[in-house]
Amino acid sequence: MMISTKGRYALRVMADLAQHSGQGHIPMREVALRQGISLKYIERIMPALSREGLVDGIHGKGGGYRLSREPKDYTVGEILRLTEGELAPVACLREGAAPCPRKEECRTLSMWTRFYEMTNSFFDSITLEDLLKLPDR
C-alpha cells in the first residue's frame, strides 16, 4: 500500500491548520508557502475536507480555512480514508468487493486481513494533536 500525494498533502495541510488553530481562518496561500505545496493542489484537496465537515471555509477577503474540531478529535486514519478511500491492501478486502472465489483456500487472506486491521488501527490511533507533538526530522 502506498499513500498518494493527495493523502500526504491533506495530512500536512490539516496539521498546519492544527498548528495555527486559534488564529481564525487561515489563507491557503500561507499554508502553501509554509508547506511547500502548490496552491492549486491545495485548492483541489480542500473541497473534500470542507464537504465532509473537517474544515470550515470562508471565501473572499479575510477568508481561508480552519479546523471545525479540536486537533485531538481528528485521526490520521479519518483523513487518509477521506482522501485515499479505503486503506485495503488488496482488492478482495475493499468494501463492496465481490466475494473472492478463492476465499476458502486462500493461504494469504488472513495475513492481508491482519495487515489491513493493523494499518487502520495504527492510523486511527494518531491524532492531529499527536502529529504536532512529534519531533521534526
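Up top you'll find the structure we're talking about.
The present account deals with the structure reproduced in this document. (Residues numbered from 1 in each chain as written. Predicted model: local features only at pLDDT ≥ 70, side-chain atom pairs only at ≥ 80, totals over all residues. Heavy atoms only, no water.)

## Examining the overall build of the chain
Convention followed: Counting from the N terminus, the helices are the DSSP runs of H or I reaching at least four residues and the strands are the DSSP runs of E reaching at least two. Think of it in three bands: with a 1.4 Å probe and only protein chains considered, a residue is buried below 20% of the maximum accessible area for its type, exposed above 50%, and partly exposed in between. Working rule for contacts: check all heavy atoms of both residues, and any pair within 4.5 Å makes them a contact.
Helix and strand content of the chain: 6 helices and 2 strands. From first element to last, N terminus to C terminus, the chain shows the α and β order α-α-α-β-β-α-α-α. Put simply, the chain has 137 residues, and 37% of those count as buried. Sequence separation of 24 or more characterises 63% of the internal contacts of the chain that already satisfy a separation of 6 or more.

## What to know about the pairing of strand S1 (residues 55-58)
In plain terms, the rule: We call two strands paired when DSSP finds no fewer than two bridges between them.
In this sheet, strand S2 (residues 64-67) lies alongside S1 in antiparallel orientation, the contact comprising 4 bridges. Pairing of Ile58 across the sheet is with Gly64, part of S2. Hairpin remark: S1 followed by S2, antiparallel, with 5 residues in the connecting loop; positive phi at Gly60, about 90°.

## Concerning helix H5 (residues 109-124)
Because each turn of an α-helix spans 3.6 residues, side chains separated by three or four positions end up pointing in the same direction. To be explicit about the condition: A helix is expected to reach a length of 1.5 Å times the quantity of its residues less one. Each direction from the helix axis to a C-beta atom contributes to the arc, which is the arc of those directions.
An ideal rise of 1.5 Å per residue puts 22 Å on 16 residues; H5 measures up with 22 Å between its terminal C-alpha atoms. Three or more residues of H5 are buried, namely Leu109, Tyr116, Thr119, Asn120 and Phe123. All buried residues of H5 lie within an arc of 90° about the axis, which places them on one face of the element. Residues of H5 that are exposed and point over 90 degrees away from its buried face: Ser110, Arg114 and Met118. Looking at the buried residues of H5, the elements they touch are helix H4 (76-84).

## Section: the nonpolar core
General note: in soluble globular proteins, nonpolar side chains tend to be found buried as a group. Just so we agree on the cut-off: Put simply, a nonpolar core is a bunch of buried Ala, Val, Leu, Ile, Met, Phe, Trp, Tyr and Cys residues held in one set by side-chain atoms that sit within 4.5 Å of each other.
Within the largest apolar cluster, 29 residues are counted, with the highest numbers of intra-cluster contacts made by Met14, Leu17 and Met46. Broken down by secondary-structure element, the contributors of at least two residues to this core are helix H1 (5-19), helix H2 (28-35), helix H3 (39-51), S2 and H4. Tallying contributions element by element places H1 first for this core, with 7 residues. The residues contacting Met46, other than those within four sequence positions of it, are Val13, Leu17, Met28, Val55 and Tyr65. With 5 residues, the next largest nonpolar core counts Val90, Leu93, Leu109 and Tyr116 among its residues.

## A closer look at the packing of H1 against H4
Axes are the key here: two packed helices are described by the angle between their axes and the distance separating the axes. Stated formally: Axis lines are fitted through C-alpha atoms, for helices just across the contact stretch, and the angle between N-to-C directions can take any value from 0 to 180 degrees. If an angle is under 35 degrees, it is roughly parallel; if it is over 145, roughly antiparallel; if it lies from 65 to 115, roughly perpendicular; otherwise it is oblique. By definition, turning the near helix anticlockwise from the far helix through less than a right angle yields a left-handed crossing, and turning it clockwise yields a right-handed one. Just so you know the grouping, Ala, Val, Leu, Ile, Met, Phe, Trp, Tyr, Cys and Pro go in nonpolar, Asp, Glu, Lys and Arg go in charged, and all remaining residues, Gly too, go in polar.
With their axes 9 Å apart at the nearest point, H1 and H4 run at an angle of 135° to one another. Between H1 and H4, the crossing angle belongs to the class labelled oblique. By crossing handedness, the relation of H1 to H4 is classed as right-handed. Side by side, H1 and H4 meet where Lys6, Gly7, Ala10, Leu11 and Met14 of the first sit next to Val76, Ile79, Leu80, Thr83 and Glu84 of the second. Partitioned by chemical class, the residues of the contact of H1 with H4 number 6 nonpolar, 2 polar and 2 charged.

## Points about the state of the cysteines
Our working definition: Note on terminology: pairs of cysteine sulfur atoms within 2.5 Å are recorded as disulfides.
For the coordinates displayed, the defined rule picks out 0 disulfides. Its sulfur unpaired, Cys100 is 5.4 Å from the next cysteine sulfur, which belongs to Cys92. Among the residues examined, Cys100 registers a relative accessible area of 31% and is labelled partly exposed.

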